[in-house]
Amino acid sequence: DAGITQSPRYKITETGRQVTLMCHQTWSHSYMFWYRQDLGHGLRLIYYSAAADITDKGEVPDGYVVSRSKTENFPLTLESATRSQTSVYFCASSESSSAGDGLFFGEGSRLTVL
Amino acid sequence: AQSVTQPDIHITVSEGASLELRCNYSYGATPYLFWYVQSPGQGLQLLLKYFSGDTLVQGIKGFEAEFKRSQSSFNLRKPSVHWSDAAEYFCAVDRYSSASKIIFGSGTRLSIRP
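Residues numbered from 1 in each chain as written. Chains lettered and ligands numbered in written order. Predicted model: local features only at pLDDT ≥ 70, side-chain atom pairs only at ≥ 80, totals over all residues. Heavy atoms only, no water.

1. Some words on the state of the cysteines
All names here are of chain A. The condition that has to hold: Sulfur atoms of two cysteines make up a disulfide when they are within 2.5 Å. Going along the chain from the N terminus, every DSSP run of H or I of four or more residues is numbered as a helix, and every run of E of two or more is numbered as a strand. Here the term buried applies to any residue with accessible area under 20% of the maximum for its type, exposed to any over 50%, and partly exposed to those in between, with areas from a 1.4 Å probe on protein chains only.
Inspection of the entire model under this criterion finds two disulfides over all chains. Put simply, Cys 23 and Cys 91 are joined by a disulfide, and their sulfur atoms are 1.9 Å apart. Its S-S torsion of about -75° marks the bond between Cys 23 and Cys 91 as left-handed, since a negative value means left-handed. Of this pair, Cys 23 sits in strand S3 (residues 19-25) while Cys 91 is found in strand S9 (residues 87-94), placing the two residues 68 residues apart along the sequence. Using a relative accessible area of 2% as the deciding quantity, one classes Cys 23 as buried.

2. Some thoughts on the interface of chain A and chain B
The criterion, for reference: Contacts are assigned to residue pairs that have any heavy atoms within 4.5 Å of one another. The term buried area refers to how much accessible surface (probe radius 1.4 Å) is lost by two components on association, counted for both of them together. By convention in these notes, a salt bridge is any Lys or Arg side-chain nitrogen within 4 Å of a carboxyl oxygen on Asp or Glu. Between N or O atoms, a polar contact is any pair within 3.5 Å; within protein, one atom must be a potential hydrogen donor and the other a potential acceptor, and residues adjacent in sequence are included only when both atoms are from side chains.
Between chain A and chain B, the contact holds 22 residues from the first and 20 residues from the second. Carbon and sulfur atoms supply 57% of the area that chain A and chain B bury against each other, a total of about 1600 Å² over both sides. The interface formed by chain A and chain B contains zero salt bridges. The interface formed by chain A and chain B contains three residue pairs in polar contact (both at pLDDT 80 or more). If you list the elements that add at least two residues to the side of chain A that touches chain B, you get strand S4 (31-38), strand S5 (42-51) and S9 of chain A.

3. A closer look at the pattern of salt bridges
Evaluated as defined, the whole model comprises eight salt bridges over all chains. With a shortest N-O distance of 2.9 Å, A:Asp38 and A:Arg44 are connected by a salt bridge. Here A:Asp38 and A:Arg44 have matching classes, each one buried. The closest approach of N and O atoms between B:Arg77 and B:Glu66, which form a salt bridge, is 2.9 Å. Of this pair, B:Arg77 sits in strand S9 (residues 73-78) while B:Glu66 sits in strand S8 (residues 64-68), placing them 11 residues apart in sequence. What emerges from the salt-bridge pattern is a single network uniting A:Arg36, A:Asp38 and A:Arg44.

4. With respect to the layout of surface pockets
Note the threshold: A 1.4 Å probe that fits but cannot get out identifies a cavity on a 1 Å grid over protein atoms alone, an open set with protein on both sides within 12 Å along at least five of seven lines counts as a pocket, and a residue lines either if it has an atom within 4 Å of a point. Grid points are joined across faces, edges and corners, and a volume is the space filled by probe spheres set on the points. Each residue gets one label: Ala, Val, Leu, Ile, Met, Phe, Trp, Tyr, Cys and Pro are nonpolar, Asp, Glu, Lys and Arg are charged, and the others, such as Gly, are polar.
What the largest pocket holds in volume is close to 660 Å³. Taken together, 31 residues line the largest pocket, and the ones lying closest to its centre are A:Gln37, A:Val88, A:Arg110, B:Gln38 and B:Glu88. If you list the elements that add at least two residues to the lining of the largest pocket, you get S4, S9 and strand S11 (109-113) of chain A together with strand S10 (87-94) and strand S12 (108-113) of chain B. Residue contributions to the lining of the largest pocket peak at four residues, all from S11(A). Partitioned by chemical class, the residues of the lining of the largest pocket number 11 nonpolar, 14 polar and six charged. For the second largest pocket, the calculated volume is near 280 Å³. If you go around the second largest pocket, you meet 15 residues; those closest to its centre are A:Leu45, A:Glu59, B:Ser100, B:Ile102 and B:Ile103. A per-element tally of the lining of the second largest pocket places S5(A) first, with four residues. Along the lines of polarity and charge, the residues of the lining of the second largest pocket split into seven nonpolar, four polar and four charged.

5. Observations regarding the packing of aromatic side chains
Note the threshold: By convention, a stacked pair of Phe, Tyr or Trp rings (six-membered ring in the case of Trp) has centres within 6.5 Å and planes under 30 degrees apart, an edge-to-face pair has planes over 60 apart, and any other such pair is tilted.
Following the criterion strictly, the structure yields 17 aromatic pairs over all chains and no others. Where A:Phe90 meets A:Phe105, the ring centres are 6.4 Å apart and the plane angle is 80°; that geometry is what we call edge-to-face. Here A:Phe90 is found in strand S9, whereas its partner A:Phe105 is found in strand S10 (residues 104-105), with 15 residues between them in sequence. A relative accessible area of 12% places A:Phe105 in the buried class. Arranged with centres 5.6 Å apart and planes meeting at 45°, the rings of B:Phe63 and B:Tyr89 form a pair that is tilted. Of this pair, B:Phe63 sits in the loop between strand S7 (56-58) and S8 while B:Tyr89 sits in strand S10, placing them 26 residues apart in sequence.

6. Here we look at the nonpolar core
All names here are of chain B. Short version of the rule: Residues grouped as a nonpolar core are buried Ala, Val, Leu, Ile, Met, Phe, Trp, Tyr and Cys residues, joined through side-chain atoms within 4.5 Å.
Membership of the largest hydrophobic core comes to 27 residues, with the highest contact counts inside it found for Leu 19, Trp 35, Leu 47, Leu 48, Phe 74, Leu 76 and Tyr 89. Looking at this core, the element that brings in the most residues is S10, giving four residues. Once residues lying within four places of it in the same chain are set aside, the contact partners of Phe 74 are Cys 23, Leu 33, Phe 34, Trp 35, Leu 48, Tyr 50, Val 57, Ala 65, Glu 66 and Phe 67.

7. What about the environment of A:Thr15?
Residue and element names in this part refer to chain A. With respect to the helices and strands, the residue Thr 15 is situated in the loop between strand S2 (10-13) and S3. Sequence separation between Thr 15 and Asp 38 is 23 residues, and the spatial gap between their C-alpha atoms is 19 Å. Beyond its immediate sequence surroundings of up to four residues, Thr 15 is in contact with Ala 81, Thr 82, Arg 83, Val 113 and Leu 114.

Have a look at this one:
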């Protein structure tokens, strides 16, 4: 099916471990985004990418690393997970930089850091 | 700083009753405005958007929203809710026509009473 798929959907890890959340989209959208969703905060942008090999920080980038070697993939890595990174992570894509197209979201990855 | 306020954390309405979810923003100029819905375990889906023109916009699933400049509000409405409308609703604002600058409200959870 076309769309955005995230994996894993659920992950439990321990403090200090490296975790990578995967995001794959089949629309060939140029723009991709990573958000975290926390109670009372709505969605906050972690990183985004305008194209392959172009990434930029969002509102809450600390503790995260992204890469985008291919247009369709945008993995998010927590190099040394902390409890404060327990959250639900959403990947999204957009055909253009304009907000007018709306964002298309994956189903989310729920991460628990013990 | 930009902000988006959804004053109601949780609302319960009876099936068949009308619904209004509130959203206020704090900018001088008219930003781009969005409503997204998040069903349980799913990603966010765009319901409707406002850029300019007619201040009453129609969206999917029978929802509409009205932009009121004087009140800096963009409230979401539905004349008759269905049990399937139970979800989390997010208002979002973009001042710069840039997907990377979208600010999300903290969300309103809608429950439907049978």
